[in-house]
Amino acid sequence: MPASAAEKRPTNDLADMRRIVADFPGPDLEAAKATAAREAVLTKPAGALARLEEMTQWMATWQGKTPPTVEHPRVAVFAGNHGVAALGVSAFPAEVTKQMVLNFTSGGAAVNQLCKNADADLRVYEMALDQPTADFTKAPAMTDAECARAMAYGMTCVEPGIDLLALGEMGIANTTSAAAMAAALFGGNGASWAGPGTGVHGAQLARKAEVIDLGLKQHRDQLGDPLKVLQCLGGQELAAITGAVIAARMAKVPVLLDGFATTVAASILYRIDPHAIDHCWVAHCSAEPGHRRLLSAINRVPLLDFGMRLGEASGAALAIPLFRAAAACHSGMASFAEAGVSDKS
């Protein structure tokens, strides 16, 4: 987000965040109209490029310009640790979060290869990995101030010049937090939202569902407020993603959401206002069972459905070339008049 915009918007507590969301700019209808007008005269039958045309229209609407561009995409991966990791909800120990961050920074992860393929800038943001959130079965995962600070930190990833932002996460036990948040936001219990995550099954999956239910019970009096859901049950990396979505809206940067945990983080804003994530496109449907249920709840159709469940923004990074292709077709195709092709009228 441009510095001048950030300076005008304090981020000291969750009340500040509420005010920012209440002040969200709407879609650029003039850009949308101009994009539709150009689409109508390109050398193809009307609607022949189907979802590519939908993607172009969406980008123009939220970039506020036509033609839309995908020249400077950024992939932002936020990493955080969770207190509930100590409760046996994951197949991997909490130290894997830091080890994977090192893998990202050394270029050895899947997301590194996908960013190279997409010609996208990758940034990895560590969220105090040596200071995990509190065990949410006993206390709020974060204080009000900690949650707001994490959101404000996430906002910093939206820098001038970015025209498409892909968001993802890394954090052992964060599917437990995400499932608890989803249950608080959309109803249900641990059993209805818990999935294998890093690969838990049987008794360990049942334990994960139990931990979620304990968290929901512990904070039941706070869960009518979406931002309190984030504070009580979320993680620092999930709060940062919510902040990044906020900053992107203010800076006119369309957002690609990765899998289950990332979509849950954005859904905090959806529960405040269903239009608050209209500038977000879910890049893929994760194999994590809760993701499909969540997409139904927020009325979103993902671009890809490859059965992936890696996280680390892998699905969002994979989608970037498709959005670049949509923009290229829109800006590069000739019109019927330019090509000397007769249209059906």
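Residues numbered from 1 in each chain as written. Predicted model: local features only at pLDDT ≥ 70, side-chain atom pairs only at ≥ 80, totals over all residues. Heavy atoms only, no water.

## Structural notes on the overall build of the protein
- Secondary structure summary: the protein contains 16 helices and 5 strands in total.
- In summary, the protein has a C-alpha radius of gyration of 20 Å against a globular reference of 20 Å for 345 residues, a match within 12%.
- Its C-alpha atoms put the protein at 70 × 45 × 40 Å along the principal axes.
- Per-residue burial for the protein yields a buried fraction of 54% across its 345 residues.
- Within the protein, counting contacts between residues at least 6 apart in sequence, those at least 24 apart form 79% of the total.
- In the protein, 29 positive and 34 negative side-chain charges are present, and the distance between their average locations comes to 3 Å. (Helix = DSSP H or I, 4+ residues; strand = E, 2+ residues; numbered from the N terminus. Rg over C-alpha atoms; globule rule 2.2 N^0.38 Å. Buried < 20%, exposed > 50% of the residue type's maximum accessible area, 1.4 Å probe, protein only. Contact = heavy atoms within 4.5 Å. Lys, Arg positive; Asp, Glu negative; His and termini not counted. Charge placed at Lys NZ, Arg CZ, Asp CG, Glu CD.)

## Section: the sheet that holds strand β5 (residues 280-282)
- Pairing is parallel across the open sheet formed by 5 strands, whose spatial order is β2-β1-β3-β4-β5. Edge strands, defined here as strands with exactly one partner in the open sheet, are β2 (121-127) and β5. Pairwise comparison of adjacent strand axes, ignoring direction, gives a mean angle of 25° for this sheet.
- Both strand β3 (residues 164-170) and strand β4 (residues 255-257) contribute to a ladder of 3 bridges, which runs parallel. What sits directly across from Leu167, in β4, is Leu257.
- Sheet strands in contact with helix α12 (residues 236-251) are β1 (73-80), β2, β3, β4 and β5, and its direction is about 170° off that of β3.
- Contacting β3, β4 and β5, helix α13 (residues 260-272) crosses the sheet at an angle of about 115° to β3. (Pairing = 2+ DSSP bridges. Axes fitted to C-alpha atoms, helices over the stretch in contact; angles between N-to-C directions.)

## Points about the state of the cysteines
- Using the criterion set out here, one finds 0 disulfides in the structure.
- We note that Cys147 lacks a disulfide partner, and the nearest cysteine sulfur, in Cys232, lies 8.9 Å from it. (Disulfide = S-S within 2.5 Å.)

## Examining the pattern of salt bridges
- In total, this model carries 13 salt bridges according to the counting rule given.
- Residues Arg74 and Asp121 are paired through a salt bridge, measuring 2.8 Å at the closest nitrogen-oxygen approach. One end of the pair, Arg74, is in strand β1; the other, Asp121, is in strand β2, with 47 residues separating them in the sequence.
- Using a relative accessible area of 29% as the deciding quantity, one classes Asp121 as partly exposed.
- Ionic pairing is found between Glu210 and Arg207, a salt bridge with its closest N-O pair at 2.9 Å. Here Glu210 pairs with Arg207, and both are found in helix α10 (residues 202-218), just 3 residues apart, close to one helical turn.
- Glu210 sits in the partly exposed class, given a relative accessible area of 41%. (Salt bridge = Lys/Arg side-chain N within 4 Å of Asp/Glu carboxyl O.)

## Let's talk about the confidence of the model for the protein
- Mean pLDDT over the protein: 95, with 96% of residues reaching 70 or higher.
- Averaged pLDDT values for the elements of the protein fall to 37 in helix α1 (residues 3-7) and rise to 99 in β4.
- Below a pLDDT of 50 lies the segment residues 1-10, which in the model reaches 15 contacts outside its immediate sequence neighbourhood of four places, other chains included. (pLDDT = per-residue confidence, 0-100.)

## Some points on the packing of helix α3 (residues 29-39) against helix α4 (residues 51-63)
- Remark: α3 packs on α4, axes separated minimally by 8 Å, with the N-to-C direction vectors making an angle of 150°. In terms of orientation, α3 and α4 fall into the roughly antiparallel class. Considering the relative orientation of α3 and α4, their crossing is right-handed. Residues Ala31, Ala32, Thr35, Ala36 and Glu39 of α3 lie in contact with α4, whose contacting residues are Glu53, Thr56, Gln57, Ala60 and Thr61.
- A per-class count over the contact of α3 with α4 returns 4 nonpolar, 4 polar and 2 charged. (Parallel < 35°, antiparallel > 145°, perpendicular 65-115°, else oblique. Left-handed = near helix turned anticlockwise from the far one by under 90°. Nonpolar A, V, L, I, M, F, W, Y, C, P; charged D, E, K, R; others polar.)

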